[in-house]
Each structure stands twice: as structure tokens, then as C-alpha cells.
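What the coordinates show
Residue strings, one per chain:
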Amino acid sequence: MNSRHRPLHACGVSILAIVDIAMGKTQHINGPLGSTLRRVTKLAKFSTPLIYAIQFQWLIMLSFIDDAILAIEKITEKLFPPSTLVFDKVDEIVLMIVSLPEKFDGATNRFPTIIHEVPFLDWALTLMILRLNSLVSTLNHWGQKTQR
């Protein structure tokens with residue numbers, strides 16, 4: 001029997017990596033939506049130590065639960081050896097989950113190229129960006145009285 005990967009910890013780390021990639025990509029958006037996201041990021045920098053502490057505690061909890069899962073897995077494999085096949089498949093799924101952040105990053109890098117190759121998708125994306133920018137602009141000026 002070989003060493004198994006920690007399924008919950010792997011999922012947690014992958015989710016955090018994907019969120020980090022998405023936050024990095026939002027910093028390069030132009031227009032009112034991009035400026036709003038950059039302002040939110042600047043405000044979030046003050047809470048960064050708290051966020052890292054929460055992430056660390058969350059990953060510790062997942063590791064603790066993983067220890068229990070792996071212990072139960074080990075006992076199950078000793079009592080019922082054919083279950084090793086099921087646990088091997090679970091381990092393969094965990095390896096796929098670990099590779100998700102790289103796949104997500106690659107997909108987000110290729111996304112604009114794919115969109116611009118199909119005229120309808122390019123038009124729909126442009127329209128969606130204009131609508132989002134209009135919505136963000138409206139929300140930014142909500143409640144302000146115009147002075148003329």
C-alpha cells in the first residue's frame with residue numbers, strides 16, 4: 001500500500017489557488033468594473049493578515065479531518081482488500097483536483113483568443129462588458145445629486 005493524498009486539504013488548496021488566480025486576473029480589467037475591483041482589493045489589503053490566519057486554520061481543520069479519513073481508509077483496506085481499487089480511484093481524482101489551478105489559469109489565458117475567433121461571442125462579450133460597466137457606473141453614482 002502506498003501513501004495516499006489528503007483529499008480535503010488538496011481541495012482546499014486548489015480552491016484557494018483558483019481564487020488567487022482569479023483575483024490576479026481581475027486586476028487587469030479596464031473600465032469602471034476594473035477600477036472598482038482594484039479599489040476593493042486595496043481595501044482588502046488591510047485584512048490580509050486576518051484572511052491568511054483564517055485560511056491557515058481552515059487548512060489545519062481539513063488536514064485533521066483528512067487524518068481521520070486516511071485512518072479509516074487504512075482499516076477498511078486491511079479488512080476488505082478489494083476496497084483498494086476504490087481508494088486508488090479516489091486518489092486519482094485528488095490528483096486531478098490538485099492540477100485544477102494550472103488548468104484554470106491556462107483556460108483563462110486562452111479565453112480571450114477563443115472569444116475573438118467567433119464573431120457572435122465577441123459581440124456578446126463586448127455587450128456584456130458595456131452592460132456591466134454601465135451598471136457599475138450607475139451604482140457608483142447612486143444617491144449623488146447632480147450639480148449643474
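As shown above, the structure is provided for reference.
Below is a short write-up of the structure. (Residues numbered from 1 in each chain as written. Predicted model: local features only at pLDDT ≥ 70, side-chain atom pairs only at ≥ 80, totals over all residues. Heavy atoms only, no water.)

**Focus on the overall build of the chain**
The line we're drawing: Secondary structure follows DSSP: runs of H or I at least 4 residues long count as helices, runs of E at least 2 residues long count as strands, and numbering of each begins at the N terminus. For this measure, only C-alpha atoms enter the radius of gyration; the expected value for a globule follows 2.2 Å times N^0.38, where N is the number of residues. Buried means the residue's accessible area, taken with a 1.4 Å probe over protein chains only, is under 20% of the maximum for its type, while exposed means over 50%, and partly exposed covers the values in between. Throughout, a residue-residue contact means that at least one pair of heavy atoms, one from each residue, lies within 4.5 Å. Accessible surface is estimated by sampling points in the Shrake-Rupley manner with a 1.4 Å probe; for residues, cover comes only from the protein chains shown.
Regarding its fold elements, the chain presents six helices and zero strands. When the elements of the chain are put in sequence order from the N terminus, they spell out α-α-α-α-α-α. For 148 residues, the compact-globule estimate of 2.2 N^0.38 gives 15 Å, and the chain exceeds it by more than 25% at 22 Å. Each principal axis of the C-alpha atoms in the chain carries an extent, and together these give about 80 × 40 × 20 Å. The burial tally for the chain puts 18% of its 148 residues in the buried class. Put simply, of all contacts in the chain between residues at least 6 apart along the chain, 78% involve residues at least 24 apart. In the form shown here, the chain has an accessible surface area of approximately 11400 Å², with 71% of it arising from carbon and sulfur atoms.

**Brief notes about the pattern of salt bridges**
The line we're drawing: Salt bridges are defined by distance alone: a side-chain nitrogen of Lys or Arg within 4 Å of a carboxyl oxygen of Asp or Glu.
The tally for this structure, following the rule as stated, stands at six salt bridges. With its nearest N and O atoms 2.7 Å apart, the salt bridge here joins Arg-6 to Asp-67. One end of the pair, Arg-6, is in the segment before α1 (7–26); the other, Asp-67, is in helix α3 (residues 48–79), and 61 residues separate them in sequence. You can call Asp-67 partly exposed: its relative accessible area is 39%. One salt bridge connects Glu-92 with Lys-89, and the closest N-O pair in it is separated by 3.9 Å.

**Re helix α6 (residues 119–140)**
Three or four residues apart is the spacing at which side chains of an α-helix point the same way, because the helix has 3.6 residues per turn. Just so we agree on the cut-off: In this analysis, the expected span of each helix is defined as 1.5 Å times one less than the number of residues it contains. An arc is given here, and it is the one of the directions from the helix axis to the C-beta atoms.
The end-to-end C-alpha separation of α6 is 31 Å, in line with the 32 Å expected for 22 residues at 1.5 Å each. Burial in α6 covers these residues: Leu-125, Asn-133 and Val-136. The buried side chains of α6 occupy one side of the element, clustering within an arc of 70° when seen end-on. Among the exposed residues of α6, those oriented more than 90 degrees off its buried face are Pro-119, Phe-120, Trp-123, Leu-130 and Arg-131.

**A word on the packing of α1 against α3**
Think of two packed helices as two axes; the pair is described by the angle between the axes and how far apart they sit. Just so we agree on the cut-off: Every angle, taken between N-to-C directions, lies between 0 and 180 degrees, and every axis is a line fitted to C-alpha atoms, over only the stretch in contact when it is a helix. Here the word oblique covers every angle except those under 35 degrees (roughly parallel), over 145 (roughly antiparallel) and from 65 to 115 (roughly perpendicular). Note on residue classes: Ala, Val, Leu, Ile, Met, Phe, Trp, Tyr, Cys and Pro are nonpolar, Asp, Glu, Lys and Arg are charged, and everything else, Gly too, is polar.
Between α1 and α3, the least distance of the axes is 7 Å, while the angle of their chain directions is 155°. In terms of axis orientation, α1 runs roughly antiparallel to α3. Contact residues: Pro-7, Leu-8, His-9, Gly-12, Val-13 and Leu-16 in α1; Gln-55, Trp-58, Leu-59, Leu-62, Ser-63, Ile-65, Asp-66 and Ile-69 in α3. When the residues that make up the contact of α1 with α3 are grouped by side-chain class, the tally is nine nonpolar, four polar and one charged.

**Here's the deal with α1**
The end-to-end C-alpha separation of α1 is 29 Å, in line with the 28 Å expected for 20 residues at 1.5 Å each. Of all the residues in α1, the buried ones are Pro-7, Ala-10, Gly-12, Ser-14, Ile-21 and Thr-26.

**Points about the packing of α1 against helix α4 (residues 83–98)**
Note the cut-off: Here a crossing is called left-handed whenever its near helix is offset anticlockwise from the far helix by less than a right angle, and right-handed whenever the offset is clockwise.
Between α1 and α4, whose axes approach to 9 Å, the crossing angle comes to 15°. Comparing the axis directions of α1 and α4 gives the class roughly parallel. Of the two elements, α1 crosses α4, and the hand of that crossing is left-handed. Along the contact surface, α1 presents Pro-7, Ala-10, Cys-11 and Ser-14, while α4 presents Val-94, Ile-97 and Val-98. Considering only residue class, the contact of α1 with α4 consists of six nonpolar, one polar and no charged.

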